[in-house]
Amino acid sequence: MRIHRRPPARASGPVALTIGNFDGVHRGHEAMVARLMAAARERGLPAGVMTFEPHPREFFAPAEAPPRLAPLREKLERFAALGVDEVFVCRFDAAFARQSPQDFVRDMLARRLGVRWLLAGDDFRFGARRAGDAGLLRALGPECGMAVETMGTVAVDGQRVSSTSVREALAVGALRRAAELLGRPYAISGRVEGGERLGRELGFPTANVRMALNRPALQGIFCVRVHGAAARPVAGAASLGVRPTVSDAGRMGLEVFLLDFRGELYGRRVRVEFLHKLRDEARYDSLDALRAAIARDVDHTRAFFRGERGALAGILHG
């Protein structure tokens, strides 16, 4: 897959394209990419995706922007896995935001990218003050030599699939629902780095995973599955939060205790899949109390992976 960190000054050839933020690349996004791939094959064109960095809401109102589901790197990895040929990463800045909708279509899409077939969501808005819409795309398409198609909402069990609905599921710990909307378990990837070794002192050595996101969409104690630590995925218990018992810095961190694992992890890039939320993060009065809580979390995690959901529910509510 070819990645363009900025749109070219002029297109080197025609392309089929879809446009969006694609945060999380959920099932709705995957449906759009599947339609794009089919249309590109029919026309003998490369399949391209245009996305934005940063997210427009982060540019206009950073304090109010929702947490991202995934960093740009993971978005690009997902596009590659789906078979996309080219990705155009457009820097969303003041100049980009000032473009009129007409200039965006005629200059950016037609001249600079060479779009001959375009797919957009039926609620797609673009250009200065978000004045452009699907109707304008269809109106300008013929003069630009561009066929325009729109796609409606994708739903799962009657619920609209969107990045917002995924975030809402994650925020309340509904990880199974989030996985249904995403088409896979929600995951965070990063390299394992050295830490304070407090987990080792407590009897539960953890892998400290460096996150690209400083504001993840979920928080708490979880049952997880870790890829990249060994030849096969490894079960574990993870803490994602600010560690209130041992730190007052407020810095988010991801720590994972791998069940029955022996090996060196420093420097490895791992992917942590979140499968079940055990509880919210809590502050304890002593390290002994923290150690006891971690031991309970590990017991609950073992029960989860043994499939003893009934026993787990009894432990948590007993």
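Each value, and the rule that gives it
Residues numbered from 1 in each chain as written. Predicted model: local features only at pLDDT ≥ 70, side-chain atom pairs only at ≥ 80, totals over all residues. Heavy atoms only, no water. Phe/Tyr/Trp six-rings, centres within 6.5 Å; stacked < 30°, edge-to-face > 60°. Helix = DSSP H or I, 4+ residues; strand = E, 2+ residues; numbered from the N terminus. Buried < 20%, exposed > 50% of the residue type's maximum accessible area, 1.4 Å probe, protein only. Contact = heavy atoms within 4.5 Å. Pairing = 2+ DSSP bridges. Axes fitted to C-alpha atoms, helices over the stretch in contact; angles between N-to-C directions. Parallel < 35°, antiparallel > 145°, perpendicular 65-115°, else oblique. Left-handed = near helix turned anticlockwise from the far one by under 90°. Salt bridge = Lys/Arg side-chain N within 4 Å of Asp/Glu carboxyl O.

### Re the packing of aromatic side chains
Stage number 1. Under the counting rule described, the total for this entry stands at 14 aromatic pairs.
Stage number 2. Ring geometry for Phe 52 against Phe 96: centres 5.7 Å apart, planes inclined by 65 degrees, an arrangement best described as edge-to-face. In this pair, Phe 52 sits in strand S3 (residues 47–53) while Phe 96 sits in helix H4 (residues 94–98), placing the two residues 44 residues apart along the sequence.
Stage number 3. With 5.1 Å between their ring centres and 75 degrees between their planes, Phe 59 and Phe 60 make a pair best called edge-to-face.
Stage number 4. Members of the aromatic cluster, each reached through a chain of ring pairs, are Phe 52, Phe 59, Phe 60, Phe 92, Phe 96, Phe 104, Phe 124 and Phe 126.

### Considerations on the environment of Phe 59
Stage number 1. The residue Phe 59 is located in helix H2 (residues 56–60) in this model.
Stage number 2. According to the relative accessible area criterion, Phe 59 is partly exposed, its value standing at 31%.
Stage number 3. With residues near it in sequence (within four places) discarded, Phe 59 still touches Pro 54, Phe 92, Asp 93, Ala 94 and Ala 97.

### Description of the sheet that holds strand S5 (residues 115–121)
Stage number 1. The strand order across the open sheet formed by 6 strands is S1-S4-S3-S2-S5-S6, and the pairing between neighbours is parallel. Two strands lie at the open edges of the sheet, namely strand S1 (2–4) and strand S6 (147–151), each paired on one side alone. Put simply, the sheet's adjacent strands are angled 20 degrees from each other on average, direction ignored.
Stage number 2. As judged from the 6 bridges shared by S3 and strand S4 (residues 86–91), these two strands associate in the parallel manner. Residue pairing across strands places Val 49 opposite Val 87, the latter belonging to S4.
Stage number 3. With respect to the sheet, helix H5 (residues 101–112) is in contact with strand S2 (15–19), S3 and S5, its orientation differing from that of S5 by roughly 125 degrees.

### Thoughts on the packing of helix H7 (residues 163–171) against helix H8 (residues 175–182)
Stage number 1. Between H7 and H8, the least distance of the axes is 8 Å, while the angle of their chain directions is 160 degrees. In terms of their interaxial angle, H7 and H8 are classed as roughly antiparallel. Handedness of the crossing formed by H7 with H8: left-handed. Across from Ser 165, Val 166, Ala 169 and Leu 170 in H7, the residues of H8 making contact are Leu 175, Arg 177, Ala 178, Leu 181 and Leu 182.

### Observations regarding the environment of Val 84
Stage number 1. Looking at the secondary structure, you find Val 84 in the loop between helix H3 (72–82) and S4.
Stage number 2. The class for Val 84 is buried, based on a relative accessible area of 4%.
Stage number 3. Spatially, the C-alpha atoms of Val 84 and Gly 152 are 21 Å apart, while their sequence positions differ by 68 residues.

### A short note on the pattern of salt bridges
Stage number 1. One pass over the structure, following the stated rule, counts 21 salt bridges.
Stage number 2. Here Arg 177 makes a salt bridge to Asp 157, at a shortest N to O gap of 3.6 Å. Of this pair, Arg 177 sits in helix H8 while Asp 157 sits in the loop between strand S7 (155–156) and strand S8 (159–160), and the two are 20 residues apart along the sequence.
Stage number 3. When the shortest N-O distance is used, the salt bridge between Arg 225 and Glu 273 registers 3.0 Å. In this pair, Arg 225 is assigned in strand S11 (residues 220–227) and Glu 273 in strand S14 (residues 269–279), connecting sequence segments 48 residues apart.

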